[in-house]
Amino acid sequence: MVDEYDVVVIGAGPAGENVADRARRHGLSVVVVERELVGGECSYWACMPSKALLRPGEVLAAARAVPGAATAVTGSIDAEAALRARDRAASGFDDQGQVSWLREADITLVRGQARLAGPRTVEVTTADDTTRHLTARRGVVVAVGTRSAAPPIEGLDRTRVWDNRAATEASAVPRRLLVLGGGAVGVELAQAWRRLGSEEVTLVERGPRLLSTEEPAAGELLGDALRVDGIRVELGAEAVEVQRASDDAPVELRLADDRTLVADELLVAVGRRVPSDDLGLDTVGVEPGPRGVVAVDDHLRVPGHAWLFVVGDANGRALLTHHGKYQARLVGDALADLEVDPPWADRRALTRVVFTDPQVASVGLTSRQAREAGLDVVERQVGLDSVAAASLLGQGLRGLAHLVIDTGRDVVVGATFVGPGAGELLHAATVAIVGEVPLSRLEHAVPPFPSISEVWLRLLEQHRTEGRR
Ligand SMILES: Cc1cc2nc3c(=O)[nH]c(=O)nc-3n(C[C@H](O)[C@H](O)[C@H](O)COP(=O)(O)OP(=O)(O)OC[C@H]3O[C@@H](n4cnc5c(N)ncnc54)[C@H](O)[C@@H]3O)c2cc1C
Ligand SMILES: NC(=O)c1ccc[n+]([C@@H]2O[C@H](COP(=O)([O-])OP(=O)(O)OC[C@H]3O[C@@H](n4cnc5c(N)ncnc54)[C@H](O)[C@@H]3O)[C@@H](O)[C@H]2O)c1
């Protein structure tokens, strides 16, 4: 059976859904192939459940920091209620809502495993083991996302451990949790489970700090906050071996310095891998790169294959839902032959928020990336406690605001905010970066009093006082 559409999308995660939506809005016929749940990793085992797991602890900590409110907090977190709220945030791990949305948008859904079978052709093996062939008049879009990567650690392939799926869908709080990897997944889920009631949480990171790709001060401040929560943070620690006597026995993680850490669960959060092995890329002469990533040009096309696009995690440019969706919107326009800018914000204005408490929110280049790119930059940094609003948020608040300023053009090229709710501070910086607003012009962007946004005043004052160097 061969069906012809304008666009065939492989994968119905946020990137796939958005490219389908955009292309359909332009009047193109679109089919999406999904082998699991419509909505992808983000909806069920990543963004949504992890944020739901973090939220009760965040609210409680905010209340405890406020005199008057703190005394009203007498109980502890109801973990079972929190897990039920998590289930609701993940739509009960059921995709009927998103399937209805596809139907209403007049996008065809085919359930099954898709793989390329030559130029513009996709072969689908459906659940009942029948094979369908879909052909694309305008283009095929690969939006297959990523899964947890397994590091080469002795014994790992024989040992039951948590990946992001197990760690976000768990139905009970582990008494002792080990987390391998101090990136976004590791820090968020370590704090979530600690605050939900895990008695012992140890975070193991082989680098010298958490969130190693962000400004060093951000990872250091977050590390301090996690320690205050009672999480043991092991930096510069390399895991070399893992074992369990049986699936229910404690898990043992041996480090390179020969110490052994023991827990009930081990979350492995050391990065991601694109499931491109069984994608039929060989049928069109394409080889995936490291971690299965399918490389694309500036317009998200696979070089030499103008009909083949890759959006979202699978192209390795930005492992973030909102950037995948941004890419998807541009590819949806390109499929309709509209003239589009390349998605340059992936490179120059990448927005990221780690939803721990404090949140770590950043956009654009870090000081290191800016210098590596050959820019002449200065850094400005102030504590969040430099503004009046901080004292109203609660006692003992720690946080920072940091700018990377290109002295040649006198514009912001990177910004980092660490603090409660810092993610909501980010968009002002994003607009300043994308709009290349000169710092002299920012003097006229007046933040309201008393708001945390007043940190912009402190940063600009510092920049004026210290001159351009
Ligand atoms: C724990 C965790 C928390 C996160 N939190 C955030 C967050 O707060 N904010 C944020 O921006 N990002 C977050 N991320 C990252 C975010 O989840 C991803 O960037 C996002 O899901 C990528 O979207 P995607 O559409 O590219 O891929 P995915 O969401 O992975 O979807 C890909 C879809 O393709 C399907 N598929 C794969 N291969 C095939 C095939 N051959 N045939 C048919 N279907 C196929 C899959 O089943 C899946 O449904 C988090 C990640 C993790 C692990
Ligand atoms: N809030 C969010 O937006 C959010 C939340 C979670 C994940 N994400 C996305 O998901 C992506 C993947 O996140 P991640 O945390 O899995 O990966 P990551 O690459 O961000 O971090 C992995 C960490 O594990 C460490 N590591 C690697 N091997 C190790 C080993 N053998 N022993 C000890 N440490 C080791 C690395 O040094 C690194 O710090 C992120 O890049 C991010 O884009 C986003």
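In the annotation of an unreviewed UniProt entry, the chain is listed under the name Oxidoreductase and assigned to Egicoccus halophilus.

Novice: I'd like a rundown of the pattern of salt bridges, residues and numbers included.
Specialist: This structure, assessed with the given rule, holds 45 salt bridges. The closest approach of N and O atoms between Arg 137 and Asp 6, which form a salt bridge, is 3.0 Å. Taken together, the residues span a long stretch of sequence, with Arg 137 in strand S5 (residues 131-142) and Asp 6 in strand S1 (residues 2-10) at a distance of 131 residues. Asp 6 sits in the buried class, given a relative accessible area of 13%. For Arg 165, the salt bridge identified is with Glu 41, shortest N-O distance 2.7 Å. On the criterion of sequence distance, the pair formed by Arg 165 in helix H6 (residues 164-169) and Glu 41 in helix H2 (residues 40-45) is long-range, its members being 124 residues apart. Here Arg 165 falls in the buried class, since its relative accessible area comes to 11%. When salt bridges with common partners are traced through the structure, they connect Glu 36, Glu 41, Arg 147, Arg 165 and Arg 272 into a single cluster.

Novice: Got a sec to walk through the site of ligand 2? Specific residues and values, please.
Specialist: Around ligand 2 lies a shell of 24 residues, among which Glu 188, Glu 205, Gly 271, Leu 319 and Val 353 are the nearest. In the environment of ligand 2, an oxygen atom lies 3.3 Å from a nitrogen or oxygen atom belonging to the backbone of Ala 184. A distance of 3.1 Å is found between an oxygen atom of ligand 2 and a backbone nitrogen or oxygen belonging to Val 185. When ligand 2 sits alone it has 850 Å² of accessible area, and the protein chains cover 78% of it. Residue assignment for the shell around ligand 2 shows that the elements contributing at least two residues are helix H7 (184-196) and strand S17 (351-354).

Novice: Mind laying out the nonpolar core, listing which residues take part and the relevant values?
Specialist: Among the nonpolar cores identified, the biggest contains 51 residues, and Val 9, Val 122, Val 140 and Val 141 are the most heavily contacted of them. The contact partners of Val 9, leaving out residues within four places of it in the chain, are Gly 16, Val 19, Ala 20, Val 30, Val 31, Val 32, Val 33, Val 141 and Ala 143. Listed in part, the 35 residues of the second largest apolar core include Trp 162, Ala 166, Ala 167 and Val 418.

Novice: Pulling in residues and values, what's your account of the UniProt feature "domain: Pyridine nucleotide-disulphide oxidoreductase dimerisation" (unreviewed entry) in the chain?
Specialist: In the numbering used here, UniProt assigns the feature "domain: Pyridine nucleotide-disulphide oxidoreductase dimerisation" (unreviewed entry) to residues 352-456. As a span, residues 352-456 carries 26% helix and 30% strand, and end to end its C-alpha atoms are 19 Å apart.

Novice: Describe the side chain of Glu 17, listing the residues and the values that go with them.
Specialist: Within the secondary structure layout, Glu 17 lies in helix H1 (residues 14-25). Buried charge without a partner: Glu 17 forms no salt bridge, and the closest opposite charge is Lys 325, 7.7 Å away. Beyond its immediate stretch of four places on either side in the chain, Glu 17 contacts Ala 12, Val 38, Gly 39, Gln 98 and Trp 101.

Novice: Go over the pairing of strand S11 (residues 251-255) with me, naming the residues and quoting the values.
Specialist: The side-chain alternation of S11 yields one buried face, formed by Val 251, Leu 253 and Leu 255, and one unburied face, formed by Glu 252 and Arg 254. Here five bridges tie strand S10 (residues 239-244) to S11, and the two strands are oriented antiparallel to one another. Bridge pairing links Glu 241 to Arg 254 in S11. Taken together, the four bridges between S11 and strand S12 (residues 260-263) define a ladder with antiparallel strand orientation. Its bridge partner being in S12, Glu 252 is matched across the sheet by Val 262.

Rules used in this analysis
Residues numbered from 1 in each chain as written. Chains lettered and ligands numbered in written order. Predicted model: local features only at pLDDT ≥ 70, side-chain atom pairs only at ≥ 80, totals over all residues. Heavy atoms only, no water. Salt bridge = Lys/Arg side-chain N within 4 Å of Asp/Glu carboxyl O. Helix = DSSP H or I, 4+ residues; strand = E, 2+ residues; numbered from the N terminus. Buried < 20%, exposed > 50% of the residue type's maximum accessible area, 1.4 Å probe, protein only. Near = heavy atom within 4 Å. Polar contact = N/O pair within 3.5 Å; in protein donor to acceptor, adjacent residues only side chain to side chain. Areas by Shrake-Rupley, 256 points an atom, 1.4 Å probe, with all protein chains shown as cover. Core = buried A, V, L, I, M, F, W, Y, C linked by side-chain atoms within 4.5 Å. Contact = heavy atoms within 4.5 Å. UniProt positions renumbered as here; feature names shortened; annotations may be inferred. Lys, Arg positive; Asp, Glu negative; His and termini not counted. Pairing = 2+ DSSP bridges.

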